[in-house]
Amino acid sequence: MALRFSANLSWLFPELPALPARLEAAAAAGFGAVEAAWPAGCPAQELRAAAERARVRIALLNTPPGDPEAGELGLAAVPGRQAAFRQGLEAAVHYARAVGCPRIHVMAGRVPLGTDRAAVAGEMETTFIENLKYTADLLSQEDMIGLLEPINNRITDPRYYLNTPHQAAAILEKVGRPNLKLQLDLFHCQIMDGNLSRNLETYFPLIGNTLCPDHWGVALTGPSYSRSAVAGRGCGAALGSPCLMPKKAAGRAALGMASPLPSLGHIQIAQVPGRHEPDSPGELNFPYIFELLESLSYTGYVGCEYAPKGEWPAGLSPTGRAKHRPAGWELCKDRQVLGGTGSGCHPYLGMRALS
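Residues numbered from 1 in each chain as written. Predicted model: local features only at pLDDT ≥ 70, side-chain atom pairs only at ≥ 80, totals over all residues. Heavy atoms only, no water.

K.L.:
Where do I start with the overall build of the chain in this structure?
P.N.:
A count of helical and extended segments in the chain gives ten helices and twelve strands. Of all 355 residues assigned to the chain, the portion counted as buried reaches 51%. Considering only residue pairs separated by 6 or more positions, the chain has 72% of its internal contacts joining residues 24 or more positions apart. (Helix = DSSP H or I, 4+ residues; strand = E, 2+ residues; numbered from the N terminus. Buried < 20%, exposed > 50% of the residue type's maximum accessible area, 1.4 Å probe, protein only. Contact = heavy atoms within 4.5 Å.)

Here it is, written out as structure tokens:
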């Protein structure tokens, strides 16, 4: 199963100042999806119009950071900031709805200045859990997924509250909502824990596919019903055809059904320690990691969140990638542009790593 890659517009194409221009550059470079942090200053209509023109999906957005001048980077776990968090969450949902984005990264935030991490850990966890329950209830009305991302506190952000997959998994278990999932950035995970193979396998149930349950196989038809995007996969051996379910959340709830969206978390990548392209020098063997994700049948997006050492020329067409490919990769000749799954071919560049 071929992986799907998403260009993080907050990191890639930095030579272009506006998100719509970066989105168009991502499409020209061969990406089928994009993601971004909080898109401050970019009207939703402009980003959606650019996505529609380029035929690119918007896969992920963040909640607003709070007050950057006060050193905030998310509010979900910050005591005393509950009202501001909820206001920001509502703004994120409104924006995501407008651009057709199904996933929102719920940023936990930083340990408040002047406090000891251990001393406030309990209060921050309580705040986080309460806010996440509120988040899950709100997102369930929109058929959206909320994501928790651990960010390393050894290099990137010493004060960030949520640091490891283990911590995130424990919080997700306490919240107990199926529309909250894990967003695993392998850059942060490698720095904090290493052991990526085992961590991916251990935490994959919090990231990967939770497809339609068996009772979705009821044959429902009519204008108010839609065919499941997951085409009946995981619905039980008795199903011989794709699942059908009501389009509206209220209609599904009345029948005891969950969301039609696959409950997919998110994975992000960057080389360690430089946080550059996957093929740049570093600790991680990305061809192996990509093969592992494929073997796990991961069908979500792999977000490319790194500081590029190279540059994709503006307007570069997918067919021009051979001239600009990074060292150590070759252009896939056994796949069509933006399609096909040639052996070892990774769609985020349309290339495969040389052995």
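There is more to say, and it comes next.
K.L.:
Is there a simple way to think about the side chain of Asp185 in this case?
P.N.:
Looking at the element boundaries, Asp185 is found in strand E6 (residues 180–185). Within polar-contact distance, the side chain of Asp185 engages the backbone nitrogen of Phe187 at 2.9 Å. Those residues within four positions of Asp185 in sequence are excluded, and the remaining contacts are Glu149, Gln268, Ile269, Arg275 and Glu305. (Polar contact = N/O pair within 3.5 Å; in protein donor to acceptor, adjacent residues only side chain to side chain.)

K.L.:
I'm lost on the packing of aromatic side chains in this one. Help?
P.N.:
Geometrically, a pair of aromatic rings is defined through the distance of the ring centres and the angle of the planes. Tallied over the entire structure, the rule returns five aromatic pairs. When the centroid spacing of 5.6 Å and the interplanar angle of 40° are considered together, the rings of Phe286 and Phe290 count as tilted. With Phe286 and Phe290 both in helix H9 (residues 286–295) and four residues apart, this pair spans about one turn of that helix. Given a relative accessible area of 1%, Phe286 falls into the buried group. Site record: aromatic cluster; members linked through ring pairs are Phe5, Phe286 and Phe290. It is Arg86 that lies over the ring of Tyr134; its NZ or CZ is 4.0 Å from the centre. (Phe/Tyr/Trp six-rings, centres within 6.5 Å; stacked < 30°, edge-to-face > 60°. Lys NZ or Arg CZ within 6 Å of the ring centre and 35° of its normal.)

K.L.:
Before we go on, may I ask you to explain the pattern of salt bridges in this structure?
P.N.:
Pairing is possible between side chains of opposite charge, provided their charged atoms come close. Taken as a whole, this structure holds nine salt bridges when the rule is applied. In this structure, the salt-bridge partner of Arg110 is Asp157, at a minimum N-O distance of 2.8 Å. Here the residue Arg110 occupies a position in the loop between strand E4 (103–105) and helix H4 (117–140), and Asp157 occupies one in the loop between strand E5 (145–148) and helix H5 (165–175), the gap between them amounting to 47 residues. The closest approach of N and O atoms between Arg275 and Asp185, which form a salt bridge, is 3.6 Å. (Salt bridge = Lys/Arg side-chain N within 4 Å of Asp/Glu carboxyl O.)

K.L.:
In this structure, what is going on with the packing of H4 against H5? I would like to understand it.
P.N.:
When two helices pack together, their arrangement is captured by the angle between the axes and the distance separating the axes. Packing of H4 against H5 brings their axes to within 10 Å, and their N-to-C directions diverge by 55°. The orientation of H4 relative to H5 falls into the category oblique. Taken as a pair, H4 and H5 cross one another with a handedness that is right-handed. For the pair H4 and H5, contact is made by Glu125, Phe128, Ile129, Leu132 and Lys133 and by Ile171, Lys174 and Val175, respectively. In the contact of H4 with H5, the residues fall into five nonpolar, no polar and three charged. (Axes fitted to C-alpha atoms, helices over the stretch in contact; angles between N-to-C directions. Parallel < 35°, antiparallel > 145°, perpendicular 65-115°, else oblique. Left-handed = near helix turned anticlockwise from the far one by under 90°. Nonpolar A, V, L, I, M, F, W, Y, C, P; charged D, E, K, R; others polar.)

K.L.:
Is there a simple way to think about helix H1 (residues 19–28) in this case?
P.N.:
Side chains that are three or four residues apart share a direction in an α-helix, a result of its 3.6 residues per turn. By the criterion of burial, H1 is predominantly enclosed, with eight of the ten residues buried. Within the span of H1, buried status applies to Leu19, Pro20, Arg22, Leu23, Ala25, Ala26, Ala27 and Ala28. Against the buried residues of H1 lie strand E1 (4–8), strand E2 (33–35) and helix H2 (44–54).

K.L.:
I would appreciate a short explanation of the sheet that holds E2 in the present structure.
P.N.:
In a beta sheet, neighbouring strands pair by backbone hydrogen bonds and run either parallel or antiparallel. If you trace the eight strands once around the closed barrel, you get E1-E2-E3-E4-E5-E6-E9-E10, paired in parallel fashion. The mean angle between the axes of side-by-side strands here comes to 30°, regardless of whether they run parallel or antiparallel. (Pairing = 2+ DSSP bridges.)

K.L.:
Looking at this model, I keep getting lost on H4. Mind explaining?
P.N.:
When the terminal C-alpha atoms of H4 are compared, their 32 Å separation across 24 residues agrees well with the 34 Å that a helix rising 1.5 Å per residue should span. Contacts from the buried residues of H4 go to helix H3 (82–99), E4, E5, H5 and E6. Sitting at the amino-terminal end of H4 is Asp116, which places a side-chain oxygen 3.2 Å from the backbone nitrogen of Ala118. (Expected span 1.5 Å × (residues − 1).)

K.L.:
Before we go on, may I ask you to explain the environment of Gly146 in this structure?
P.N.:
Structurally, the position occupied by Gly146 is in strand E5. With 36 residues separating them along the chain, Gly146 and Leu182 place their C-alpha atoms 8.5 Å apart. For Gly146, the residues in contact, after removing those within four places along its chain, are Ile104, Val106, Leu139, Asn179, Leu180 and Lys181.

K.L.:
So what exactly am I meant to see when it comes to the environment of Leu113 here?
P.N.:
For Leu113, the position within the fold is in the loop between E4 and H4. Sequence-wise, Leu113 and Ala70 are 43 residues apart; in three dimensions their C-alpha atoms are separated by 9.5 Å.

K.L.:
Help me understand the confidence of the model for the chain, please; the structure alone is not making it clear to me.
P.N.:
Reading fine detail from the predicted coordinates is not recommended where pLDDT is low. Mean pLDDT for the chain: 80, with 72% of residues reaching 70 or above. Contacts of residues 313–329 to residues separated by more than four positions or lying in other chains number 38 contacts, the stretch itself having pLDDT below 50. For the stretch residues 333–343, pLDDT sits under 50, and the model shows 16 contacts to residues farther than four places along the chain or on other chains. (pLDDT = per-residue confidence, 0-100.)

K.L.:
How do you make sense of the packing of H2 against H3 when you look at a structure like this?
P.N.:
H3 packs onto H2 with a crossing angle of 30° between their chain directions and a minimal axis gap of 8 Å. When the axis of H2 is compared with that of H3, the two are roughly parallel. Here H2 runs over H3; the crossing is right-handed. Counting all contacts with H2, which are made through Ala44, Leu47 and Arg48, the residues of H3 involved are Tyr95, Arg97, Ala98 and Val99.

K.L.:
Could you clarify how one ought to interpret the environment of Gly109 in this entry?
P.N.:
As for its position among the elements, Gly109 is in the loop between E4 and H4. Sequence separation between Gly109 and Gly71 is 38 residues, and the spatial gap between their C-alpha atoms is 9.6 Å. Ignoring sequence-local partners within four residues, the contact set of Gly109 consists of Leu73, Gly74, Leu75, Val78, Arg159, Tyr160 and Tyr161.

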